[in-house]
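Topology and contacts: notes
The residues making up each chain are set out below.
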Amino acid sequence: MKHIAVVAVFMLLSVSLTLAQTTRVEKKIATKATGYGVTYSLPKTVFIITSEMTKITRKAGQFYKYADLYLGIKDAIVEDQIIYELNKVKLTNKGIPDIDKTYIVEFKPGTVAPYVYLTEDGLLCSINTDYLPAVAAASDTPNATESGIMNVSGVYTEELLKAGIVARQAEVAAKQIFLLRERKLDILTGNAENMPSDGDAMRMVIKGLEDQEQMLTSLFVGRTTQETFTHDITLIPNGAINEKVLFRFSKRQGILDADDLGGEPVLINLRITEQAQELPPKEAEKKEKSMKGIIYNMPGKARIEIKTAQNTLYVGEHQVAQFGSQESLAPVMFEDKKTPVKVTFYPETGAIKQIDQ
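Here the structure is a predicted model, which is why all the values come from computation and not from measurement. Within any chain, residue numbers begin from 1 and follow the written order of that chain's sequence. Whole-chain, interface and lining totals are the exception, using all residues; otherwise, since this is a predicted model, local features are given only for residues with pLDDT of at least 70 and side-chain atom pairs are given and counted only at 80 or more. The basis for every side-chain value is the complete set of heavy atoms in the structure, and neither hydrogens nor water enter the calculation.

**Some remarks on the side chain of H318**
Helix and strand labels come from DSSP, where a helix needs a run of H or I of at least four residues and a strand needs a run of E of at least two; each type is numbered from the N terminus. Looking at the secondary structure, you find H318 in strand β13 (residues 312-329). The exposure class assigned to H318 is buried, which follows from its relative accessible area of 12%. Whether two residues are in contact is decided by their heavy atoms, any of which lying within 4.5 Å being enough. With residues up to four places along the chain from it excluded, the contact list for H318 reads F47, L91, T92, N93, G300, K301, A302 and I304. Categorising residues by exposure relies on relative accessible area from a 1.4 Å probe, with only protein chains included: less than 20% of the type maximum marks a residue as buried, more than 50% marks it as exposed, and the intermediate range marks it as partly exposed.

In structure tokens:
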């Protein structure tokens with residue numbers, strides 16, 4: 001195993017380009033041309049914090065002032081309004097290449113078909129065995145639901161259009177609603193003069209009457225539209241975190257930057273629960289020189305809490321490569337020319353998942 005000194009030109013890649021690291025892998029075969037070696041990197045842990053919020057848009061109906069008078073509805077929307085709600089927060093850990101931990105997997109010449117699977121960023125996935133990448137989660141897109149109908153022009157009858165003043169229009173619209181209800185009841189009870197020919201026809205007629213009633217009713221009660229959005233924040237943990245403002249949230253504006261005082265702060269706390277003991281300089285140097293074979297991570301752990309002043313939004317424990325140490329698999333494990341050792345890793349943390357002979 002050779003440690004590679006990486007020049008400063010190889011800067012940390014953009015986090016946004018590495019989030020799909022487990023969705024695509026590449027098979028690298030160790031050949032004579034490559035010196036029977038494959039270069040790989042160990043990961044550094046990145047937290048992806050995903051917040052879900054709902055945008056609620058409320059539109060007052062044209063006849064909201066008469067909702068109680070004509071329909072007995074007391075909770076009609078009386079003014080246009082946009083409100084945001086913070087639904088939930090989740091956290092996942094990803095891995096990005098650690099530029100200070102780049103190595104070469106070396107195979108002994110004559111080993112049976114030695115090969116390695118790497119992510120497209122060069123993180124180690126497996127040695128001498130196929131690797132099935134994790135399926136990437138589907139990207140979240142705005143999800144919209146609506147209560148009320150946006151285009152009600154189709155239910156404006158000639159009588160309603162000629163009614164003139166708003167008060168008279170509201171009265172006519174209310175009468176039409178009650179008329180639609182009576183027609184629906186007549187059909188359901190079998191008292192209609194022209195009954196639908198069969199069950200399917202009845203369902204279609206009832207559906208049409210209900211749609212018209214809903215459109216007219218929305219002129220009184222208004223309509224509500226809901227859209228769901230997600231917002232991602234990336235965080236590279238380098239130590240304990242105490243009451244750090246992650247972002248801010250406003251019921252009127254939604255998710256805001258951490259330094260925007262227009263919203264309530266959403267805080268993150270990180271407590272290290274497992275951390276590798278720091279070795280004295282001489283012992284650390286001695287360990288580094290003695291490490292040969294396949295270098296891998298033994299991650300540490302951290303407990304993360306995300307909260308507002310009133311509510312806890314997320315609590316969980318995650319592995320963090322930065323808080324752990326590096327260990328090695330002895331080169332002799334990979335020198336068997338007939339039965340090569342197979343090793344699978346977690347590319348997100350650099351830890352060993354499984355070893356098979």
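**Notes on the environment of T50**
Residue placement: T50 occurs in strand β3 (residues 37-59). For the pair T50 and K90, spaced 40 residues apart in the sequence, the C-alpha separation amounts to 5.3 Å. In contact with T50, other than residues within four places in its own chain, are K88, V89, K90, T230, H231 and D232.

**Re unusual backbone geometry**
Even without a glycine there, the phi angle at N128 is positive, about 60°. A relative accessible area of 5% means that N128 is categorised as buried. Look at E243: it is not a glycine, yet its phi comes out positive at around 55°. With respect to the helices and strands, the residue E243 is situated in strand β9 (residues 241-250). For E243, a relative accessible area of 35% translates into the label partly exposed.

**Digging into the environment of E26**
Within the secondary structure, E26 is located in strand β2 (residues 25-29). Sequence separation between E26 and Y117 is 91 residues, and the spatial gap between their C-alpha atoms is 5.6 Å. With sequence-adjacent residues up to four places away left out, E26 is seen in contact with V116, Y117, L118 and E120.

**Remarks on the environment of A321**
One can find A321 in strand β13. Considered as a pair, A321 and P237 are 84 residues apart in the sequence and their alpha carbons are 9.6 Å apart. Residues in contact with A321, not counting those within four places in the same chain, are P43, K44, T45, N297, P299 and T349.

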